[in-house]
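Each chain, written out:
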Amino acid sequence: FPAKATMMPQSFILSNGSEVYTLPSNALPIVMIQMTFKWQGSISDEQGKEGRAHLAAMMLKEGAGDWSAKAFRTELENKAIELNVGAGRDHFTLTLRCLKQHLPAAFSMLETMFSKPHFDVEQLEKRRSELLIDLKQAEQSPNWIAAKAMRERYYPGHRYAIDVAGTADSIKGLSVIELKDWWKELSGNQLVVSATGAIEPKDLKEKVEHFIRALPSQRNIKQESPSNVREHGRAEAPLVEQMEVPQ
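Residues numbered from 1 in each chain as written. Predicted model: local features only at pLDDT ≥ 70, side-chain atom pairs only at ≥ 80, totals over all residues. Heavy atoms only, no water.

A.B. asks: How should I be thinking about the confidence of the model for the protein chain in this particular structure?
C.D. replies: Mean pLDDT over the protein chain: 88, with 87% of residues reaching 70 or higher. Across the protein chain, element-level confidence peaks in strand E5 (residues 92-99) with a mean pLDDT of 97 and bottoms out in helix H5 (residues 142-154) with 91. (pLDDT = per-residue confidence, 0-100. Helix = DSSP H or I, 4+ residues; strand = E, 2+ residues; numbered from the N terminus.)

Written out as structure tokens, the structure is:
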């Protein structure tokens, strides 16, 4: 049998200076792409608006352009396109997985989702209610309580001390206008793209460049690192959190 060719990763730079890493493979007709928007996660939330990036990311899939929320989800299902977006502590991430034949449709939906999101009030209230229920349940979890106490100890006064999803008060106070403000600042600068599967670097570059032009902002994003992180490795009194125990 002939020896199999070794797949070699490739990388290139987009016109705006963003980085792309790709590992082409035609073993299966599937494409997987991840885009990381650096420093546009919950660290971008303003004081009193914690959870804004998290909730806004949820809303991006709730209808865009001519697509209602239901129609958008149905189209994804019909073409077996896996599309997920989410805001982490530092970064906002988009992941896409689909058959090669549906990649043009997938990118078309991506561009519509990011350039013409609805931010419908009714859908917002549904997602807000879900978040508040999830938060209330999480507050009963020892792991969540311990993580919260650790963040508050090591990142006092910084946004790292707040949960990515925000607090009950901040979630209740977020409006469509504030979610749109986050979206309007979403920039393709400092984007990191990784891709593998049945897509050639030239085709990938063309599609990502076109997607970047559909984003609402081209501003430069600056990293904000916490300046008051407590030192690690020092002997300190253990954290103790009291929990109500059902009788």
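A.B. asks: Can you walk me through empty space enclosed by the protein in this structure?
C.D. replies: Empty space among the atoms becomes apparent when a probe as large as a water molecule is rolled across them. One pass over the full model with this rule turns up 2 cavities of 30 Å³ or more. Taken as a whole, the largest cavity spans an internal volume of roughly 40 Å³. Forming the walls of the largest cavity are Ser42, Asp45, Glu50, Arg159, Ile162 and Asp163. A volume near 30 Å³ is recorded for the second largest cavity. In terms of lining, the second largest cavity is formed by Gln40, Ser44, Trp182, Glu185, Leu186 and Arg219. (1 Å grid on protein atoms, 1.4 Å probe; cavity = no way out; pocket = protein on both sides within 12 Å on 5 of 7 lines; lining within 4 Å. Points joined across faces, edges and corners; volume = space filled by probe spheres on them.)

A.B. asks: Before we go on, may I ask you to explain helix H1 (residues 52-59) in this structure?
C.D. replies: Since the α-helix packs 3.6 residues into each turn, any two residues three or four apart lie on the same face. Counting buried positions over the 8 residues of H1 gives 6, a clear majority of the element. The inward-facing, buried residues of H1 contact strand E4 (82-87), E5, helix H4 (121-138) and helix H7 (176-184). (Buried < 20%, exposed > 50% of the residue type's maximum accessible area, 1.4 Å probe, protein only. Contact = heavy atoms within 4.5 Å.)

A.B. asks: I'm lost on the packing of H1 against H4 in this one. Help?
C.D. replies: Helix-helix packing is characterised by the crossing angle of the two axes and by the distance between the axes. Packing of H1 against H4 brings their axes to within 10 Å, and their N-to-C directions diverge by 130°. By the angle class used here, H1 and H4 are oblique. The handedness of the crossing between H1 and H4 comes out as right-handed. Residue-level inspection shows His54, Leu55, Met58 and Met59 of H1 in contact with H4, the latter providing Gln123, Leu124, Arg127, Arg128, Glu130 and Leu131. Taken together, the residues of the contact of H1 with H4 break down into 5 nonpolar, 2 polar and 3 charged. (Axes fitted to C-alpha atoms, helices over the stretch in contact; angles between N-to-C directions. Parallel < 35°, antiparallel > 145°, perpendicular 65-115°, else oblique. Left-handed = near helix turned anticlockwise from the far one by under 90°. Nonpolar A, V, L, I, M, F, W, Y, C, P; charged D, E, K, R; others polar.)

A.B. asks: When you look at the sheet that holds strand E3 (residues 30-37) in this model, what are you seeing that I'm missing?
C.D. replies: Across a sheet, paired strands are connected by hydrogen bonds in the backbone, their directions being either parallel or antiparallel. If you walk across this open sheet you meet the 6 strands as E1-E2-E6-E3-E5-E4, and the pairing is mixed. Each end of this open sheet is capped by a strand with a single partner; those strands are strand E1 (10-13) and E4. Each adjacent strand pair in this sheet contributes to an overall mean axis angle of 10°, direction not counted. Direction of pairing for E4 relative to E5: antiparallel, over a ladder of 6 bridges. The residue bridging Ala87 from the neighbouring strand is Phe92, located in E5. Most of the contacts of helix H8 (residues 201-214) go to E1, to which it runs at about 35°, and overall it touches E1, strand E2 (19-24), E3, E5 and strand E6 (191-197). (Pairing = 2+ DSSP bridges.)

A.B. asks: Mind showing me how you'd approach the side chain of Thr22 here?
C.D. replies: Inspection of the secondary structure assignment puts Thr22 in strand E2. Given a relative accessible area of 2%, Thr22 falls into the buried group. A distance of 3.5 Å separates a polar atom in the side chain of Thr22 from the backbone oxygen of Ala195. Contact partners of Thr22, with chain neighbours within four places excluded, come to Met8, Pro9, Gln10, Phe12, Ala195, Pro201 and Leu204. (Polar contact = N/O pair within 3.5 Å; in protein donor to acceptor, adjacent residues only side chain to side chain.)

A.B. asks: Whenever I open this one, the packing of aromatic side chains confuses me. Can you help?
C.D. replies: Aromatic rings considered in pairs are described by the distance between their centres and by the relative angle of their planes. The final tally for this structure, using the stated rule, is 8 aromatic pairs. Residues Phe92 and Phe114 carry aromatic rings whose centres are separated by 6.1 Å and whose planes lie at 65° to one another, so their mutual orientation is edge-to-face. Of the two residues, Phe92 sits in strand E5 while Phe114 sits in helix H3 (residues 103-115), which places them 22 residues apart along the sequence. Each ring, one from Phe92 and one from Trp182, has its centre 5.3 Å from the other, and the planes form 75°; the classification is edge-to-face. Placement of Phe92 in strand E5 and of Trp182 in helix H7 is noted, with a sequence separation of 90 residues between them. Here a set of aromatic residues connected by ring pairs shows up, and it is made of Phe37, Phe92, Phe114, Trp182 and Phe211. (Phe/Tyr/Trp six-rings, centres within 6.5 Å; stacked < 30°, edge-to-face > 60°.)

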